[in-house]
Amino acid sequence: KRIERFKSLDLSKLEIQKVWATHKNNFQVEEQMDNITEVKLTFPIDKNAIWDGNAVNSFEPENYQYKQNKIDTIINEVSLNQTQKVDHFFRSDPFQINTEIRFEYYALNIGLVNKHEKFVKRFTPGVLGENAVNSGYTLSIRIKSYKID
């Protein structure tokens, strides 16, 4: 399956931003973006199953995990049955100076329906009364609608 993401600065002209492809077999779903392949899902889906999302590329291993059973949910007023959460990582120190969170939800026969990433670093200037400086980003991608032919 080929997926294209577009962006526009005004509604009159759309520009392609990203192209990626997915491949599914009886054991896993792989996603290829920018010539990098990741293992997004493994089968069968079992609570607490862990796999290396980077098993088919040259990056350091990164464990993905099913931490909960499938649930029915509503995202942007779209009712979704049997969604599965995939936790990529949740790293934070006690003072939340460095926070790294990534998870995704997938729905049966639809695919990715919710993606959340948050990477934040806080720096204090070390001067009493001056505010901490934040850097980083938060990304949220949610399903708006879908149609199955």
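Conventions we followed
Position numbers for residues count from 1 along each chain, tracking the sequence in the order it is written. In keeping with the model being predicted, local features are shown solely for residues with a pLDDT of at least 70 and side-chain atom pairs are shown and tallied solely at 80 or more, while totals for entire chains, interfaces and linings include all residues. Just so you know, side-chain values use all the structure's heavy atoms and leave hydrogens and water out. Two aromatic rings, drawn from Phe, Tyr or Trp (for Trp, its six-membered ring), form a pair once their centres lie within 6.5 Å of each other, and the interplanar angle then sorts them: stacked below 30 degrees, edge-to-face above 60, tilted otherwise. Our definition puts a charge over a ring when NZ of Lys or CZ of Arg is within 6 Å of the ring centre and also within 35 degrees of the ring normal. Pairing between two strands requires that DSSP report at least two bridges joining them. Secondary structure follows DSSP: runs of H or I at least 4 residues long count as helices, runs of E at least 2 residues long count as strands, and numbering of each begins at the N terminus. As a rule, the C-alpha atoms of each element are fitted with a line to give its axis, helices using only the stretch in contact, and angles between N-to-C directions run from 0 to 180 degrees. Think of it in three bands: with a 1.4 Å probe and only protein chains considered, a residue is buried below 20% of the maximum accessible area for its type, exposed above 50%, and partly exposed in between. By definition in these notes, contact holds between two residues if any of their heavy atoms fall within 4.5 Å. Put simply, buried Ala, Val, Leu, Ile, Met, Phe, Trp, Tyr and Cys residues joined by side-chain atoms within 4.5 Å make one nonpolar core.

Enquirer: What exactly am I supposed to notice about the packing of aromatic side chains here?
Expert: For any two aromatic rings, the description comes down to two numbers: the centre-to-centre distance and the angle of the planes. Evaluated as defined, the whole model comprises five aromatic pairs. One aromatic cluster is present, formed by Trp 51, Tyr 64 and Tyr 66 through successive ring pairs. In this structure, Arg 91 is placed above the aromatic ring of Phe 89, and the distance from its NZ or CZ to the ring centre is 4.1 Å.

Enquirer: Explanation requested: the sheet that holds strand β2 (residues 13–24) in the structure shown.
Expert: Whether parallel or antiparallel, the strands of a sheet pair through hydrogen bonds between backbone atoms. The sheet built from four strands is open, its strands ordered β1-β2-β3-β4 with antiparallel pairing. The sheet is open, and its two borders are formed by β1 (2–10) and β4 (36–42), each paired with just one other strand. Averaged over neighbouring strand pairs, the angle between their axes works out to 25 degrees when direction is ignored. Looking at chain direction, β1 and β2 are connected through seven bridges and run antiparallel. What sits directly across from Ile 3, in β2, is Trp 20.

Enquirer: I would appreciate a short explanation of unusual backbone geometry in the present structure.
Expert: Phi is mostly negative for residues that are not glycine, and the peptide bonds are mostly trans. A cis amide bond links Phe 43 with the next residue in sequence, Pro 44, at an omega value of -5 degrees. Here Pro 44 lies in the loop between β4 and β5 (50–52). If you check the backbone angles, Asn 109 has positive phi at about 65 degrees while not being a glycine. Locating Asn 109 in the fold gives a position in the loop between β9 (98–107) and β10 (111–123).

Enquirer: What is the right way to look at the side chain of Lys 115 in this model?
Expert: Position of Lys 115 among the secondary structure elements: in strand β10. With a relative accessible area of 15%, Lys 115 lands in the buried category. Among all residues touching Lys 115, those that are not within four sequence positions of it are Phe 103, Glu 104, Leu 139, Ser 140 and Ile 141.

Enquirer: What's the story with the nonpolar core in this structure? I'm lost.
Expert: Here is a general trend for soluble globular proteins: nonpolar side chains tend to be buried in one another's company. Grouped together as the largest cluster of nonpolar side chains are nine residues: Ile 75, Val 78, Leu 80, Ile 101, Phe 103, Tyr 105, Ala 107, Val 113 and Ile 143. Every residue in contact with Ile 75, bar those within four places of it in the chain, is listed here: Leu 80, Val 113, Asn 114, Arg 142 and Ile 143.

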